[in-house]
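# Structural overview
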Amino acid sequence: MVFPLKSIEDFTIDLTQDHELLRNAVREFAENEVRKYVEKGEVERDFPKDLKERAKDLGLYGLDVPTEYNGQGADYLSLLVTAEELSRIWTSFSTFFLIQWMFNQAILKWGNESLKKRYLRDTAKGEKIAAFCNTEPDAGSDVAGIKSTAKKVNDHYVLNARKMFITNGDIADYYLITARTSPPDPKAKWKGITVFIVEREWGVKTVSRIETTGLKASHTAEIMLEDVKVPEENVLGEVDMGFKYAVESFDYARTIVSSQAIGIAQQAFEKLVNYSLQRTAFEKKLAEFELVQQKVSESLDDLETSRLLTYWAGTLYKRGRMQEYIIAASLAKFHSTEAAERIVMRAMTVHGGYGVSVSTGLERLLRDLQILKTYEGTNDIQRISAARQFYYRFMGVKV
């Protein structure tokens, strides 16, 4: 017995040669085309248009969307591979796709055929940009704490909302927006939230671009909706079930964030090793010092443990093993982001004075990780969530 799992076979990972071919293609794109824009893009806080166009050619916008909706028909593990390789070069750029994938998955999972044809076909091709909007000034980790409202008036809803820290918020064409369609029930606060698909031209206003510690090129914004009319047919799924949809969307994204952290860790590890072989001190290469060797081995341990945990979690998702996946995703998220942070810090130490220089790129990796540790569920919340889910799903006890 491998408690809490049923069999040792549950620890296998479903990576194939197709995933390796995808990894090679994305790495080539990242190395040859993405890398040259990173420094300029971070300063200008944007991605060049031709880079986004090239990503369309590669089909990155709709990787796991079925081909009938203009996607590539790939699996969930393909998203992890892609996010890892893009994040190894430019985490901001991979976050741009993370949000696009979240939107696609929500429409695919809960949208009716009409909504899929109207919205999914465009976002899967990259013709339209998407955003996912739940966080508010007083509601972050408390997903059910939102105060945005949607009132039914004849054949439409009138939305009033203020959303914070919305990735792609100032550039999106389509938004998934959570709002209350019923007052919160003191005994079940999660009830009464509904998800709406809202088009920018209907009245979504960008209040401000938010300056963040990391992911400088990621478009993080505050948006506002004031008496915006949304057709009834743009309700996603069932009315009052939006909390469930939002939480499951964050579950879907969580392991992708873990793979982003692996990409950062991989880049930092490569910088650490390469510098240790190039730099000399006291007439010896740094790699010959036992203290440096210790940092290399500890970093390799952190890197590969994170990779195994993340792709294992992704395999559980791919197999539809959601009970186990939800726990594994939380474990992968806090472990991988914090392991990546340790690797970056070791790399900075080995670089000595150069380690604190902006030119090495290490400080950017460290800043980006602070965002990864926060979005799609903070690491502290993931620790609590993993334990509570374990007690509930495998012990039958609510804590």
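Residues numbered from 1 in each chain as written. Predicted model: local features only at pLDDT ≥ 70, side-chain atom pairs only at ≥ 80, totals over all residues. Heavy atoms only, no water.

Naming follows an unreviewed UniProt entry, where the chain appears as Acyl-CoA dehydrogenase of Sulfurisphaera ohwakuensis. The UniProt entry for the chain carries this comment under Sequence similarities (unreviewed entry): "Belongs to the acyl-CoA dehydrogenase family." (UniProt positions renumbered as here; feature names shortened; annotations may be inferred.)

### Thoughts on a nonpolar patch on the surface
Taken together, the side chains of F3, Y391, M395, V397 and V399 make up a nonpolar region of the molecular surface, amounting to roughly 480 Å² of accessible area. Secondary-structure assignment places M395 in helix α11 (residues 379-395). (Patch = residues over 30% accessible without salt bridge, like charges linked within 9 Å, V, L, I, M, F, W, Y side chains within 5 Å. Areas by Shrake-Rupley, 256 points an atom, 1.4 Å probe, with all protein chains shown as cover. Salt bridge = Lys/Arg side-chain N within 4 Å of Asp/Glu carboxyl O. Helix = DSSP H or I, 4+ residues; strand = E, 2+ residues; numbered from the N terminus.)

### Digging into the pattern of salt bridges
Counted according to the given criterion, the structure contains 35 salt bridges. For E53, the salt bridge goes to K56, with nearest N and O atoms at 3.0 Å. Taken together, the residues E53 and K56, both in helix α3 (residues 49-58) and three residues apart, mark about one turn of the helix. Across the pair R346 and E298 runs a salt bridge whose closest N-O atoms are separated by 3.4 Å.

### With respect to the nonpolar core
Membership of the largest hydrophobic core comes to 93 residues, with the highest contact counts inside it found for W90, F93, F97, L176 and I256. Sort the elements by how many residues they give to this core and helix α7 (residues 242-278) lands first, with 15 residues. Apart from the residues lying within four places of it in its own chain, the contact partners of F97 are A55, L60, Y61 and L86. Counting residues in each nonpolar core, the second largest holds 19 residues, with A161, A172, V204 and V235 among its members. (Core = buried A, V, L, I, M, F, W, Y, C linked by side-chain atoms within 4.5 Å. Buried < 20%, exposed > 50% of the residue type's maximum accessible area, 1.4 Å probe, protein only. Contact = heavy atoms within 4.5 Å.)

### Some thoughts on the UniProt feature "domain: Acyl-CoA dehydrogenase/oxidase C-terminal" (unreviewed entry) in the chain
The feature "domain: Acyl-CoA dehydrogenase/oxidase C-terminal" (unreviewed entry), as annotated in UniProt, sits at residues 241-389 in this numbering. End C-alpha atoms of residues 241-389 are separated by 20 Å, and the span's content is 79% helix alongside 3% strand.

### A look at the packing of aromatic side chains
Per the counting criterion, the structure on display carries 25 aromatic pairs. Aromatic pair F390 and F394: ring centres 6.3 Å apart, planes at 35°, arrangement tilted. Of this pair, F390 and F394 both sit in helix α11, four residues apart, which is roughly one turn of that helix. The exposure class of F394 is partly exposed, given its relative accessible area of 24%. Chaining the aromatic ring pairs together yields one cluster made of F47, Y61, W90, F93, F96, F97 and W101. Against the face of F334 rests R383, its NZ or CZ located 4.2 Å from the ring centre. (Phe/Tyr/Trp six-rings, centres within 6.5 Å; stacked < 30°, edge-to-face > 60°. Lys NZ or Arg CZ within 6 Å of the ring centre and 35° of its normal.)

### Details of the environment of D14
Relative to the assigned elements, D14 resides in the segment before α1 (17-34). Sequence spacing of D14 and V81 is 67 residues, and the spatial spacing of their C-alpha atoms is 12 Å. Once residues within four sequence positions are removed from consideration, D14 is found in contact with H19, L77, T315, K318 and R319.

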